[in-house]
Structures are given as C-alpha cells and as structure tokens.
Amino acid sequence: MSNEKLNRFLKALDAVQSDYTCGVCAELCNKPITLSTCFHIICAEHFENLHRCPTCDIPITGCTTFTDDRLESCIQSARELGNIFESFRVKAALQTSNAGSSNSANKKRVKKALGVNDKENKSNSRASQIYTPEKSAKSKKQENKSDNVNTTLQSTASSKINTGIEKRNNKGETALHVACRLGKVESAIDLLKQGANPNTKDNAGWTPLHEAVQNGRLDIVSALLQYNTLIDVPGQGNETPLHEAVRYNHKEIAEELVKHGADINSRNSKGETPLNLASNDMRKILEEAAENIIQTQGVNISYLSDLYMELDSEDIQVFCVSQFRTVHNKLKSLSKHHSNLHVEAKFSKKVTHLLVDEEDGVCPSSLDVLQGIVSSLWIISTQWILKSSEEKLLPFKSYEVIGVGNKSYNGPRNSRYNKYKQLPGIFNGCHIYLHNFNTKYEISKSIILTKAILTKLITDAGGIVLRRVPNPELIPDEEKIVPYHAKKGGKLVECSHYIIFKNMYEPMYNMSHFKALPIGWLIECIEKYELCEPW
C-alpha cells in the first residue's frame, strides 16, 4: 500500500474512532449508551453524574439513554483495527516527514490569517500531526481540529481575516465559491490548503458546498468534506446541500453527504425534507447511506467556542450594565493596562461582550440582555473584571452566565452556538404582528417595551414584523413558510403567523398555521433562545 493510501486509510480509521470516542474520558466507549437529546455516545458509567453533553455541551436534563448491541460490536472492530495498524503509524509519519515543512507553512498562513498566534516549533509540522502511536484519542481529536482551524469557523469570523483569500465579489462570493461553481477542483483544493473558509455564505445564502453540489462535482464535495465543512448549513429557502443533491438527482453526492452526517429530515422553508423530495431510487440510497454513516457532523461546539473566544479575546469591546460603581471603575482601570480591552459607552454593533451582575450564574432579564442574546454576544459576569488584574485578564469563558432569570433559560449560550453552526435566527420563518404596542408597556422595571424595541429584537432574531393584522384565511403564498426552529412534532411545526398581545388576547386563534400568544411567550423564546411550545 502506498504511503498516500495508507495515510488516507489511517485518517478514515481515526475519524471512525473519533465518532466512537466518549466525550468524558476521551477513550473508545466502554458499554456505549446514546443520549436521547443529541444522539452522542458516552460510556455508560459516566451518565449518572452528567449534566451537559460533553460533545455538544447542551443540557441533558430529563435525558434518557438507549443502547444498541451493534454499536458495541462496531467499536470493538474499530479498536481491533486500531491495534492492527498501530505499527504502520510510525512508518507513515517517517515517510511523510519530508513534506512536513511545506504543510507547516500552509498551516502558519492559515493561523496568521485568523490572527491566532502560533509559535514556530517542530510539533506544528505535518509529520508530528500524523498518526503517532503515543497520542491519546483526545489529543488526536483536538489536533485534527486544529489542523483545519479556519474551516470550522463561519463567515462571521471572516471579518477578522486580513487576507485576499476571503475577498468577495459583488455577489458576495469568495474565490472558493467561484472555484466550486466553475468546477475547478485543483483551485478549490489549493484554496482550502491556504486556509479558505468553506463555510462562508454569499449574498444569496449559498456556501461553497452548495455550489459544488448544485454543479454535480463529487470530487469537490469530497475535498470540502475533508476540511470540516459544516454540512447542514441552510441556504436560500433553508435548503441544505442535501436538498440540492436530491433535487438535481446527484445520487453519489447525496450518498456521500449522508454518510458524512447530513440530516435526511432537515426541513426547508416549505417544510420539505430531502426524504420527502426523493424519488424511490433516491430514497433507497438515502436510507441505506443513513445506516452506514462513516463520519458524523457532531462538531464539537465547545471547541468551536474556544476558537471564537481566542479570536474575540484579541479585541474585547465591553458594554457594562452593572449597578456597582466599583465594577465600572475597575473596568476603566483595566482598559488602560490591556490594549485589547475597550469600554463602550452605549450598546452598539461594536459590542462583543455584555458585562452583567449575576448571582449563582444567573443574571436578571433586561432589554440589554435580550438584545445581547439576539446579537449572539458573550454575556459575562462582572466577576470576570473584579478577579482580573492589571497583569492578566482571566479567560472570560469561565464567567459566562448560565441562565437568564433561572438556570434553565440558556439563551446566551444557545444563541452563540446557533451562530457557530450558521443556523438561522430563532424567529426564522415567523411572521409576527404586534397588537396595540403603540405606547410603552412595562413587563418589569428592567423591561419596558415599545413597538420599535420589539421590532428590532424580532428582526435581529430572524423574524418578520407585519404592519397589518394578518388574515388567517388569506395568507400570501410567499408567507406560507414554516419556522426553522419549531420542535419536531410540536404545535408550531407549521405555524408561520403570530399575533402577539399584551396580557389577555382575544380572539383565541389556535390554528396549525396561525397562533395568538402573549408577549411573555415572545420574551421567553428570546431568554431561552428556543421557539417555545405555546403555554
């Protein structure tokens, strides 16, 4: 077997082992169980004391588990293959060491473009990243992600990239978009090696993966999937690349996408899933591929958050809403000693971090907090400032608030993770009419609403505010869409229109596509950053 084929096999084996690795102990799962909330697997022994999924970091309160005997046999097979081929890893590393310096240079260019400091050392060469026997499963998993650090970051991070590789044309396309659209596989691969972001959306909402799929380029699709491309990013009309593959009857591409974790049940704005759109032949391909997944799209959002934090820490624009003067004074003092810390006098688009008072990880709800959530900001405890010093700013991730109002309202974190996954805002697909909000309406001392304030919150969260009362019997065709974040099987799965009242609301609309709900429901959706089921 040639060195290239050996490396490809070992890389595929590591990808399989990574999917079978427990997020708690970072070893291949022993007696694996699957979490019902997110379908990630862990060792059975770790579940009892677990509060959040160690892979995607979502709360698992009320989570159940299930086992699959076939999964345990697959893990055992992966373990045995790993043992058999372990001796080949050193050989692969030695044979590729000569190529290490050029690949290291490519990696250095990527990190420089992202603004991530990277010290020159031998461990950054490709030779040290390939299949060495002493590496643990956890370290290999982290290094594989670090190799393609740029490709896991979405287009919102592109503003920090000071390089022509992300320059856009008048359609919002990058050079990688164009290469994928024109079918130039060599150019696409070269751009990816240079650190081009495969997750950037153009003005129409398409990613390079969409372009490659639409043009039937399996070779480019395969190349993109090697660089941690987000596979289920919804484009125009919330169409995923798999929707496009099914529409254009690209069977091999559809199979490749599903085997790499594409969701066959993701809904577009009309509520159609790839499975719904598939012909009988295509449906068979999708279902068989779903039974033979070789790599999941379980992107480690916690790790992605760390990457964003590393970038965000270089330019921290803080708006502080603390009630304590000592906090404001300490913040101003620290800003004089840390060039990356800036204090904003008002809430604006420049703000990256909202500093709030909290107790036991929970901050009170306020207009600033609500706006911070829909803007996907870091909402940080004032303890971060109080415990930092003139010599060092502490890592702010440890001081992110847990909840808003109570610990189960996890809007700040949910909103950030939604952004990292490049998913639409929480009110995407929702047409909302605000009934009789022409004067100020006080929910609490910290939440005094006007129509203008509500309109901004809704639109920033992806919704559409209607000027006229909608008629449930005469909904325009262009508005007959479904909310992206509605829970499967829930009451809002087909609900495109909402009338929001203050307290009492009449008449009581309760159709599948049309609901009348109180303002408290709207605020709760933002505080949780979930499209909540009606009360």
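Residues numbered from 1 in each chain as written. Predicted model: local features only at pLDDT ≥ 70, side-chain atom pairs only at ≥ 80, totals over all residues. Heavy atoms only, no water.

## Looking at the overall build of the chain
Across its full length, the chain holds 20 helices and 15 strands. Burial status across the chain gives 50% buried among its 535 residues. Residue pairs at least 24 apart in sequence account for 68% of intrachain contacts in the chain once pairs closer than 6 positions are excluded. By element, 49% of the accessible surface of the chain is carried by carbon and sulfur atoms, the whole surface being about 26000 Å². (Helix = DSSP H or I, 4+ residues; strand = E, 2+ residues; numbered from the N terminus. Buried < 20%, exposed > 50% of the residue type's maximum accessible area, 1.4 Å probe, protein only. Contact = heavy atoms within 4.5 Å. Areas by Shrake-Rupley, 256 points an atom, 1.4 Å probe, with all protein chains shown as cover.)

## With respect to the packing of aromatic side chains
Scanning all chains against the criterion turns up 8 aromatic pairs. The interplanar angle of 45 degrees and the centroid separation of 6.5 Å between the aromatic rings of Phe-427 and Trp-521 together place this pair among those described as tilted. One end of the pair, Phe-427, is in the loop between helix 18 (411-420) and strand 10 (431-434); the other, Trp-521, is in helix 20 (residues 519-528), and 94 residues separate them in sequence. With respect to burial, Phe-427 and Trp-521 carry one shared label: buried. Consider the rings of Phe-437 and Tyr-441, whose centres lie 6.1 Å apart with planes at 90 degrees: the pair is edge-to-face. (Phe/Tyr/Trp six-rings, centres within 6.5 Å; stacked < 30°, edge-to-face > 60°.)

## Some details on the pairing of strand 1 (residues 32-35)
Judged by which residues are buried, strand 1 turns out to be covered on both faces: Pro-32 and Thr-34 on one side and Ile-33 and Leu-35 on the other are all buried. The sheet contact formed by strand 1 and strand 2 (residues 41-43) spans 3 bridges and is antiparallel. Note on strand 2: the bridge partner recorded for Pro-32 is Cys-43. (Pairing = 2+ DSSP bridges.)

## Focus on helix 7 (residues 185-193)
The complete set of buried residues in helix 7 reads Val-185, Ala-188, Leu-191 and Leu-192. Each buried residue of helix 7 lies within a common arc of 130 degrees when the element is viewed along its axis, so the set occupies one face. Each element contacted by the buried residues of helix 7 is listed here: helix 6 (175-182) and helix 9 (218-225). (Arc of directions from axis to C-beta.)

## Re helix 16 (residues 367-374)
Taking burial as the measure, the 8 residues of helix 16 include 6 buried ones, the bulk of the element. In the segment just after helix 16, Ser-376 is the residue with positive phi, at about 60 degrees.

## Points about the side chain of Thr-382
Tracing the backbone through its elements, the reader meets Thr-382 in the loop between strand 8 (378-381) and helix 17 (383-387). What Thr-382 contacts, discounting residues up to four positions off in sequence, is Ser-322, Val-327, Leu-355, Val-356 and Asp-357.

## Brief notes about the UniProt feature "repeat: ANK" (unreviewed entry) in the chain
The feature "repeat: ANK" (unreviewed entry), as given by UniProt, occupies residues 171-203, 204-236 and 237-269 in the numbering adopted here. Between the end C-alpha atoms of residues 171-203 the distance is 6 Å, and the span holds 52% helix and 0% strand. For residues 237-269, the end-to-end C-alpha separation is 5 Å, with 48% helix and 0% strand making up the annotated structure. (UniProt positions renumbered as here; feature names shortened; annotations may be inferred.)

## Focus: the nonpolar core
Formed by 41 residues in total, the largest nonpolar core has its most connected members in Phe-427, Ile-432, Tyr-498, Ile-500, Ile-519, Trp-521 and Leu-531. A per-element tally of this core places helix 20 first, with 6 residues. Apart from the residues within four sequence positions on either side, Ile-432 is in contact with Phe-427, Ile-458, Ile-464, Val-465, Leu-466, Tyr-498, Ile-500 and Leu-522. Counting 33 residues, the second-largest nonpolar core is a separate cluster that includes Leu-192, Leu-225, Ala-254 and Ala-289. (Core = buried A, V, L, I, M, F, W, Y, C linked by side-chain atoms within 4.5 Å.)

## As for the sheet that holds strand 3 (residues 65-66)
Spatial ordering of the open sheet is given by 2-1-3, a layout of 3 strands whose pairing is antiparallel. Each edge of the open sheet carries a strand with a single partner, namely strand 2 and strand 3. Relative to strand 3, strand 1 runs antiparallel, the two being bridged by 2 bridges. Following the sheet pairing, Thr-34 is matched in strand 3 by Phe-66.

## Notes on the pairing of strand 14 (residues 497-501)
Here strand 14 lies mainly inside the structure; 5 of its 5 residues are buried. Taking every second residue as pointing to the same face, both faces of strand 14 are buried, with His-497, Ile-499 and Phe-501 on one and Tyr-498 and Ile-500 on the other. The sheet contact formed by strand 14 and strand 15 (residues 514-518) spans 5 bridges and is parallel. Bridging across to strand 15, Phe-501 finds its partner in Pro-518.

## Section: the sheet that holds strand 15
What the 4 strands build is an open sheet, ordered 13-10-14-15; its pairing is parallel. Either end of the sheet is taken by a strand with one partner, and the two such strands are strand 13 (464-465) and strand 15. Summarising the sheet, strand 10 and strand 13 pair through 2 bridges and their orientation is parallel. When the sheet's bridge partners are listed, Ile-432 is paired in strand 13 with Val-465. Strand contacts of helix 19 (residues 451-460): strand 10 and strand 13, with the helix running at about 170 degrees to strand 10, the strand carrying the most contacts. (Axes fitted to C-alpha atoms, helices over the stretch in contact; angles between N-to-C directions.)

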